[in-house]
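Here is how the chains run, residue by residue.
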Amino acid sequence: MTPPINDPVGIDAPGGNTSVAEPPRSTSPRSGLSSVEAADRLVHDGRNVLPARRPPPVWRRVVSQLRDPLVLVLLAAAGFTLATGDLTDASVILFVIVVNTTVGVVQEVKAERAISALSALTAPDARVVRDGGQREVPAADLVVGDLLVLAEGDIVPADAHVVEASALLIDEAALTGESAPVDKSADLGGSMADVSAGTVVVRGRGYAIITATGTASAMGRIAAMMVTTPALTPLQRRLVGVGRLLATGAVVLCAVVLALGLFRGQPLQLMIVTAITLVVAAVPESLPAVVTLSLALGARRMTAKHAVIRRLPAVETLGSVTVLATDKTGTLTEGQMVLRRLWTPTGDALVDGSGYAPHGDIHRDGMVVADGDAPDLSELLRAAVLCNDASLHAPDGGDPGWLPVGDPTEVALLTAGAKLGIDREALQAQLPRISEEPFDSVRKRMSTTHQLPDGAIRIVCKGAPEAVLQPAVLADSADLIDLAAARADAFAGDGYRVLAVAQSDRAASTDHGAPEQGLSLLGLVAILDPPRASAAATIAACQRAGIIPVLITGDHPATAGAIAVELGIIDGGDDVVDCRTSEPDARAGQGARVFARATPQQKVAIIDALRHAGQVVAMTGDGVNDGPALHRADIGVAMGKRGTEVARQAADLVLADDELGTVVAAAEEGRRVYANIRRFLLYALSGGAAEITVMLVGPFVGLALPLLPAQILWINLITHGLPGLALGSEPVDPDVMARPPRPPSETILGAGLWQRILRVGAVIAAITISVGIWAHATDRPWQTLTFLALGVTQLAVALGSRARPGTRANPMLLAAVGTALALQLAAIYTPPLRQLLDTEPVTATDLLIVMAVSTLGYAAIRLDRRIHPATPTTGKTGQPVLACPESP
């Protein structure tokens, strides 16, 4: 238990969680609330939790699946079929609907369970003073007026006013995006420092009176910004259009078939069933199942790559992304402060290595420096290690990483000292600390006093350059102070956090009551949160794929600019938009790529501006301040390990490994899914178009009723079933991420796909009608041969639709086509199926002839790809955009 500091002065706390009109509540300055009072307030205000999103009931999930436009067409067809008494055909249609709905619902439930496994309470326990003593209580049971005890390493569980503090430093990165911790001091004579829920105590200790809990806290207010219903994904918008088009076209064409049949004297009931059957033929009833299966397989592959999908359509949305908006701290950067540059009056030095592991070297003039090789550097880092309250612990069995405790900036100083070979424990034993002046936000510096072996004392001071580099503190010449100040400004302009270090040795008899005077400058240290090792490659991969990277952060403009330039997002720091002085949404529309000091509301405005400009936006983030923007983006991507609960719940995709590169891998998977959906549409719609053409043209060439309703449904079942689903598993094109994303306004049938559907459908219809005419003219079982030719030709088209023909990729498709072919042959050679479908057995010679002719379907689709390759078009920016980057 943290030892108590001075008893805090009692103050009146403002109103509770939900009420603002009740009288002020007072907290005892020594004993805090009583247990009875705390219980009463808990009943009045409610628990200190964010409202959990209740998972939708199963019936609502089912309804959501059934609202798909294509499923609605199938439901209508099933209803008409039942009305005519055709139970067999109705059963087939309903079976497809049930399978599609089941797969979709199961995947949604699995995704939510995966997210629940990642989620944890922000602060499960907290320490408060109640009934005169400290005790641990669940964070959910905190109430307004509780006297909160804060200590190093604690997560602040609620909004509070600090009433007493000792060197209290708070990491607010999750809330503001600011990478440097913030000093929190209690100023009882005026306004008091505030701490917010979800922030972390990195140094010091203190007392604070809770002022807001739950939804009334800063985290709760941000969570309240995420109540809007998510917009349709690009795939959903495209499929809505396809469903309407197919439904309208199918109804019109089938009405024509009905009229022609009645005109030729066919029975009314037969023609009604035939027309309904053609509706089913025209609508690729397997499309919802293929889409769901493709998305589910994509989600599974993404999970294997540490990307957990929360909403299934988000898989495809990643393939549509044109802009990747990302925060900085912990996403593009390591989220760990690292000392990179040293300066002394003698010269500069560079420090390499990453993270808090004390592995790396210090370089000066191209040479590696060890302790003792450069006395000025040794003296600088020894002082930085002495004037330091942090600690760094070596890995243990449970955690393979080095464990930092305290201010990240001070941990960075310890790590750099260890790289030079400085043993902190030995140094502290040699020069024990006898007093200190802790850091505060007014002085902006910290000083410690140490006992030297000869009885003298050493005073070490470190702090902000403007607080240390001044004659009142240093005894150095004005020229040296000016030189150091200029160097500090240069470091800051490059995005570093700069500290100045000074020290002085004094005789033991010297009065050191005012230690921060007459010191000698040792040098400067430049610290930053460095980019992740993989960040530059990830940004480059996005740019190769035509995805525009945009950095949106709450950090300082200089820091944001330095990181953006280093990663290649922008060319110069002058391109950074400071959201405090500019209109970020307007600049987003003008093509700005880096936004600094952005508030949660401004992040949302930037996302809205990008989407209004026609971009498909993915937003990555991990903090509470990123939640609203994650929710508003076309796809929100949250970090699973260090991400806050607010960020994870707002996201569509959670990165279990916290690696931004996983987003690029997921985008590749999204493009694969979209390509396979287009591949299935080409296959299924060309077959449906052929079936309608055969039924329309057949009567005019002597084939009164080319196919019976049961035969059409059978062909759809075997061709759109297993082979159609197998097409959803086709491998990705190796060059898919070297191409720009498809234009956001492009329909799913765009980029020449509907023309290909018509061309391939015409070939299938011509082959089928030709076989029918030949069989009718030679007195063969022409309806059976027509039925056989239509089914086998479509299976040949399925083989020709492969992404990598001639390879063993996707063996499931080969097996599916083989199974479908066996079923088609069984339909004309097995008595039960012959009776069901009204077919006749054919001779081996006729079978071979039809099989040979049907191979023209394979040749047609392969030849069409060569004659009509994808052609570049021009996008919004005027740059060439591949019209069909995933041509099937």
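Everything below is about the structure printed above this text.
Residues numbered from 1 in each chain as written. Predicted model: local features only at pLDDT ≥ 70, side-chain atom pairs only at ≥ 80, totals over all residues. Heavy atoms only, no water.

1. Brief notes about the pattern of salt bridges
Here's step 1: Across all of its chains, the model carries 16 salt bridges by this definition.
Here's step 2: Among the charged side chains, a salt-bridge network with shared partners connects Asp-389, Arg-433 and Glu-436. (Salt bridge = Lys/Arg side-chain N within 4 Å of Asp/Glu carboxyl O.)

2. Overview of the nonpolar core
Here's step 1: If you look at the biggest cluster of nonpolar residues, it comprises 95 residues, and the most contacted ones within it are Leu-332, Ile-569, Val-594, Ile-635, Leu-653 and Phe-787.
Here's step 2: By residue number, the principal contributor to this core is helix H22 (residues 661–697), which donates 16 residues.
Here's step 3: Aside from chain neighbours lying at most four places away, what touches Leu-332 is Thr-326, Asp-327, Pro-531, Arg-532, Ala-535, Ile-539, Leu-551, Leu-567, Ile-569 and Leu-660.
Here's step 4: Listed in part, the 37 residues of the second largest apolar core include Val-369, Leu-380, Leu-431 and Val-501. (Core = buried A, V, L, I, M, F, W, Y, C linked by side-chain atoms within 4.5 Å. Buried < 20%, exposed > 50% of the residue type's maximum accessible area, 1.4 Å probe, protein only. Helix = DSSP H or I, 4+ residues; strand = E, 2+ residues; numbered from the N terminus. Contact = heavy atoms within 4.5 Å.)

3. Notes on helix H25 (residues 753–777)
Given 3.6 residues per helical turn, the α-helix brings residues three or four places apart onto the same face.
Here's step 1: With 25 residues, H25 should cover 36 Å at 1.5 Å per step; its first-to-last C-alpha distance of 36 Å lies within 8% of that length.
Here's step 2: Of the residues trailing H25, Asp-779 is marked for its positive phi of about 60°. (Expected span 1.5 Å × (residues − 1).)

4. A word on the pairing of strand S19 (residues 445–451)
Here's step 1: Counting buried positions along S19 gives six out of seven residues, so the element sits mostly inside the fold.
Here's step 2: In this structure, strand S18 (residues 433–437) lies alongside S19, joined through four bridges in antiparallel fashion. Bridge pairing links Arg-433 to His-450 in S19.
Here's step 3: Taken together, the seven bridges between S19 and strand S20 (residues 457–463) define a ladder with antiparallel strand orientation. Residue pairing across strands places Met-446 opposite Lys-462, the latter belonging to S20.
Here's step 4: Counting the residues in the hairpin turn of S19 and S20 gives five residues, including Gly-455, whose phi is positive at 95°. (Pairing = 2+ DSSP bridges.)

5. Thoughts on the pairing of strand S27 (residues 635–639)
Here's step 1: Judged by how many residues are buried, S27 sits mostly within the fold: five of five residues are covered.
Here's step 2: Alternating residues of S27 divide into Ile-635, Val-637 and Met-639 and Gly-636 and Ala-638, and every residue in both groups is buried.
Here's step 3: Bridge count between S27 and strand S28 (residues 653–655): three bridges; the pairing is parallel. Across the sheet, Ala-638 pairs through a bridge with Val-654, a residue of S28.

6. With respect to H22
Here's step 1: Across its 37 residues, H22 extends 54 Å between first and last C-alpha, which sits within 8% of the 54 Å expected from 1.5 Å per residue.
Here's step 2: With 31 of 37 residues buried, H22 is to be regarded as a mostly interior element.

7. Section: a nonpolar patch on the surface
Here's step 1: Taken together, the side chains of Val-697, Phe-700, Val-701 and Ile-773 make up a nonpolar region of the molecular surface, amounting to roughly 340 Å² of accessible area.
Here's step 2: Considering the arrangement of structural elements, one finds Val-701 in the loop between H22 and helix H23 (709–720).
Here's step 3: What makes Val-701 partly exposed here is its relative accessible area of 36%. (Patch = residues over 30% accessible without salt bridge, like charges linked within 9 Å, V, L, I, M, F, W, Y side chains within 5 Å. Areas by Shrake-Rupley, 256 points an atom, 1.4 Å probe, with all protein chains shown as cover.)

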